[in-house]
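Summary of the model geometry
So the chains spell out like this:
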Amino acid sequence: GKRWIILSTGERASGEMMAHTLKFFLQLPGAKDMIAKHTSEHLIISRTRDPNDPNAFHIYSLPDSPTKIRGISADGMVFEEAAFISEGMFNEVALPLDQVKGSVILAISSPPKDTFNYFYKFFDLKGANGKKVYESMYIRSMCDKCKEEGADECDHITDLERPPWKSLEKEKEVRLQYAQNKSQLRREIYGVAESDELNVFKKNEIDRFWGNAYYTFQRTPKYIVIAIDPCGGGTGSDTAWL
């Protein structure tokens with residue numbers, strides 16, 4: 001009697017996800033005789049093989065498209081590569097779902113290069129009581145020291161279990177191909193969340209700044225100057241507001 005939606009970045013990805021889901025389900029004993037409907041977007045599982053069975057389990061695998069998902073109610077959603085699915089989809093579809101009692105949202109992703117990506121709110125968002133809104137699991141195979149130093153490799157974390165589908169030999173080859181893109185190497189291989197844009201200040205300097213006590217002016221200043229770079233730096237930044 002449950003309905004779940006798997007949301008992917010595009011139509012091709014959602015079709016492949018449905019194929020993976022079906023392949024996984026068919027490994028269970030008697031699974032083949034419980035498929036009431038199967039398309040690239042909709043899988044219905046029922047002991048009676050009746051698509052209208054009220055106790056049937058529905059799985060939708062859909063792309064990041066409001067028109068595809070509009071009108072479908074669900075008990076749970078899986079955001080596959082969540083950081084690369086539009087924030088609008090999360091706000092328009094996932095948040096209304098999250099108001100329903102017993103609903104579940106699962107989001108998984110590699111770290112995006114945009115440090116302002118909405119995906120990061122999953123890790124830090126807290127309620128008025130100080131409790132985290134979302135339970136989070138952050139898998140990173142690079143220690144804080146190597147991350148801060150911008151290291152290409154880290155030998156300090158050795159107890160991380162390698163997923164069965166990942167090959168150590170293949171990983172070495174991939175590292176060589178990422179040689180000219182250190183930021184992407186650190187994101188994809190080590191799971192380090194960072195931007196590949198140049199920053200004026202180092203993270204430890206910003207942390208120290210926020211950790212300082214508030215400054216009290218001895219005399220009232222005559223002017224307060226505020227400058228904003230609306231483009232956030234980079235090659236496309238040719239505007240400043242002062």
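Anyway, here's the lowdown on the structure attached to this text. Every residue gets a number counted from 1 within its own chain, in the order that chain's sequence is written. It should be noted that, the model being predicted, local features are given only for residues of pLDDT at least 70 and side-chain atom pairs only at 80 or more, the latter also being counted only at that level, while totals for whole chains, interfaces and linings use all residues. The basis for every side-chain value is the complete set of non-hydrogen atoms in the structure, without hydrogens or water.

This part takes up the pairing of strand β4 (residues 57–63). Most of β4 sits out of view: 6 of its 7 residues are buried. Pairing between two strands requires that DSSP report at least two bridges joining them. Put simply, DSSP H or I for four residues or longer makes a helix, DSSP E for two residues or longer makes a strand, and each gets a number counted from the N terminus. Where strand β1 (residues 3–8) meets β4, 6 bridges bridge the pair, whose relative direction is parallel. Paired with Trp4 across the two strands is Ile59, which belongs to β4. Pairing of strand β3 (residues 42–45) with β4 involves 4 bridges; the strand directions are antiparallel. Counted as the bridge partner of Ile45 is Phe57 from β4. The buried label goes to any residue with under 20% of its type's maximum accessible area, the exposed label to any with over 50%, and the partly exposed label to all in between, with areas taken from a 1.4 Å probe on protein chains only.

The backbone of Arg49 sits at a positive phi, close to 60°, despite the residue not being glycine. Among the structural elements, Arg49 can be located in the loop between β3 and β4. Using a relative accessible area of 47% as the deciding quantity, one classes Arg49 as partly exposed.

Below, the discussion takes up the nonpolar core. Of all hydrophobic cores here, the largest spans 22 residues; its most connected members are Ile5, Leu7, Ile69, Met77, Phe79, Phe90 and Phe122. At the level of secondary structure, the elements contributing two or more residues to this core comprise β1, β4, β5 (76–80), α3 (87–98) and α4 (121–124). Per element, the largest residue contribution to this core is 5 residues, and it comes from α3. When checking whether two residues touch, look at their non-hydrogen atoms; a contact exists if any pair is within 4.5 Å. Discounting chain neighbours no more than four positions away, the residues touching Phe90 are Phe79, Leu95, Tyr118, Lys121, Phe122 and Tyr134. Only buried residues count toward a nonpolar core, which is a set of Ala, Val, Leu, Ile, Met, Phe, Trp, Tyr and Cys residues joined through side-chain atoms within 4.5 Å. In this structure, Met17, Ile35, Leu43 and Ile59 belong to the second largest nonpolar core, which totals 10 residues.

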